[in-house]
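Here is what each chain is made of, one letter per residue.
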Amino acid sequence: MKNIAPAIFPPNGIGGAMPENKAVLDWVHEIATLTQPENIFWCDGSERENEFLIAESLKQNVLIKLNQKKVPRSYLHRSDPNDVARVEQFTFVCTPTKEEAGPTNNWSDPAETYAKLRGLLKGAMRGRTMFVIPYIMGPSDSALTKVGFEITDSKYVALNMRIMTRMGQVAVRRLGNDPNTEWNRGVHSLLDVNPERRFICHFPQDNAIISVGSGYGGNVLLSKKCLALRIGSYLARKQGWLAEHMLILGVESPAGKKHYVAAAFPSACGKTNFAMLIPPKHFAGWKVTTVGDDIAWMQIRDGQLYAINPENGYFGVVPGTSYKSNPNAMKSIAHDTLYTNVALTDDGDVWWEGKDGDPPVHAIDWRGNEWTPNSKEKAAHPNSRFTTPTRNNPALDPDVEKGEGVPISAIIFGGRRSDTVPLVYQAFDWDHGVYLGATMASETTAAAAGDVGRVRRDPMAMLPFCGYNIGDYFQHWLGIGKRLTSPPRIFAVNWFRKDADGKFLWPGFGENMRVLKWIIDRCEGSDRALKSPIGWLPSPHDLDLAALDVDHKGVAALLGIDHEEWQKEIAAHEKFFDSLGGVVPQELLRQREALAARFKE
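Residues numbered from 1 in each chain as written. Predicted model: local features only at pLDDT ≥ 70, side-chain atom pairs only at ≥ 80, totals over all residues. Heavy atoms only, no water.

### Here's the deal with the state of the cysteines
Note on terminology: a disulfide is the covalent bond linking the sulfur atoms of two cysteines.
Piece 1. Under the definition given, this model contains 0 disulfides.
Piece 2. Of all cysteine sulfurs in the structure, the one in Cys201 sits closest to Cys94, which takes part in no disulfide; the separation is 4.7 Å. (Disulfide = S-S within 2.5 Å.)

### Some remarks on the confidence of the model for the protein chain
Piece 1. Residues at a pLDDT of 70 or more form 96% of the protein chain, whose mean pLDDT is 94.
Piece 2. Taken as a whole, residues 1-6 scores under 50 in pLDDT and shows 17 contacts with residues more than four places along the chain or in a different chain. (pLDDT = per-residue confidence, 0-100. Contact = heavy atoms within 4.5 Å.)

### Structural notes on the layout of surface pockets
If a probe as big as a water molecule is rolled over the atoms, it shows which places are left empty.
Piece 1. Its volume calculated, the second largest pocket comes out at about 410 Å³.
Piece 2. For the second largest pocket, the lining is made up of 19 residues, of which Glu47, Asn50, Arg162, Ile163 and Arg391 are closest to its centre.
Piece 3. Contributions of two or more residues to the lining of the second largest pocket are made by α2 (47-59), α5 (155-164) and β8 (166-167).
Piece 4. Sort the elements by how many residues they give to the lining of the second largest pocket and α2 lands first, with 4 residues.
Piece 5. Residue composition of the lining of the second largest pocket, grouped by class: 7 nonpolar, 5 polar and 7 charged. (1 Å grid on protein atoms, 1.4 Å probe; cavity = no way out; pocket = protein on both sides within 12 Å on 5 of 7 lines; lining within 4 Å. Points joined across faces, edges and corners; volume = space filled by probe spheres on them. Helix = DSSP H or I, 4+ residues; strand = E, 2+ residues; numbered from the N terminus. Nonpolar A, V, L, I, M, F, W, Y, C, P; charged D, E, K, R; others polar.)

### Here we look at the pattern of salt bridges
Piece 1. Applying the stated criterion to the full structure yields 30 salt bridges.
Piece 2. A salt bridge links Asp294 to Lys225, with the shortest nitrogen-to-oxygen separation between them at 2.8 Å. Of this pair, Asp294 sits in the loop between β15 (287-292) and β16 (296-301) while Lys225 is found in helix α8 (residues 223-239), placing the two residues 69 residues apart along the sequence.
Piece 3. Asp294 gets classed as buried once you look at its relative accessible area, which sits at 5%.
Piece 4. On the accessibility criterion, Lys225 (5% relative accessible area) is buried.
Piece 5. The structure contains a network of salt bridges with shared partners spanning Lys224, Lys225, Lys271, Asp294 and Glu311. (Salt bridge = Lys/Arg side-chain N within 4 Å of Asp/Glu carboxyl O. Buried < 20%, exposed > 50% of the residue type's maximum accessible area, 1.4 Å probe, protein only.)

Below you can see the structure in the form of structure tokens.
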């Protein structure tokens, strides 16, 4: 490699988690020959390395130093205004046939795509440092843990990957020397951050990802949505487990009995809030702990589902985060945090819409422009982010590093719906629960580029993330159920129902503990539920609403089922299934027919 670039940069020995595995070394040599970097930096994830990269990033204006008294060891990054969210229209699954990618993915021929990307990458790192990032997803001793290597020319990516993954020698050790060991190949280059040359491409059969033309998190932190979900879901089907877009929380009663819950919500629909929930005063003695806020890998053991969080950090949406909405998140991001696209105050602090206190009189907005409360533009981008280590979370679950995972008692599917869907209801059985997940929908948010506010079907919150044919994915879920002797109970929730005046009927945030308590009671065999056409519903008396300022009429509306609205909903289910072109398993078509029939009984 020395004829291409120095193997380790800088020469003082910082960095250096270089494996002996020939397959990795050959691959790095191949990419370096193609991209022609000025030098190669093997990342080891050490504190010394981190300090060096931050210093270099400050020199090159990749980061802005914040007031270290207000937010210690924290920094601000501004992405290009054309590069602020995931770009699903430029995200491709490259499988030998279009049918393998399925109707919900953009497909591209692997050979043609490799050729196009190699053309874009040729000489792309001239004058830049090529960072090689060894990392693992999952606890170091878990059977589910995966090894990845990401090559990037972005210091911002290297700094974020150190937070989001377990980086360095831990991955080199896990990989070992066997050139046939499974590992993920990830290549990223900023190029010139041009939307017309922006592609995020996945090659499931090769366990490979190539991303070019973007510097934004979900497109370039290749461990996250790319490996943990798109490639992960493909590997999970092949290997008999589940890779899901789900938070994992623990809930412990005053008596010390503990349950774990996994929940799927589309991006920016309250996942982090729910994962870090603080029970209201009425639930004194109850504890909620966080295993993960975004991704769950689940395997079957002894007939039960066990889950790990493969990530090591949180990459969360900032706007709306406050001590009122999420105190644990605010404590988590109070130090050692990278902020992306928030506002910078005159005293070197960060600000965003929804933060506690009054807006600053003056700030610099996420684009770098002057901002005041009278400005028409928002100070922080609606999809601005924080990246912070899991260890910062005061509610971190003690078993987060448990390699075997935590046992899952309940799975929750949720979306942002103004009407139709009640606050909470329970599926009749596993297959019915899979139907709830397959037909879940949400009003779109700013987390993905495109229209905001339209209702879109988002099966299991995996529509942008399933790395293969969605019909096969549904069948995989149904097949998992057949292997479970103690399956989790499955529920649907909707915190976002509104009244005729457009006001939210449910206070949400910590008060969601009241719904969670009913869910846990049902898992423990409580009969406090009413059978309805859509599933088991709590009556207003089944929810613990003590000390909550919600009138009876509001609760009835929250739990009500409007038959006319549900006729439209069932028709929308049919339309969605039809749009998938015949890939939906027969069992789910039968579930839809059974739902329609129950409304006629």
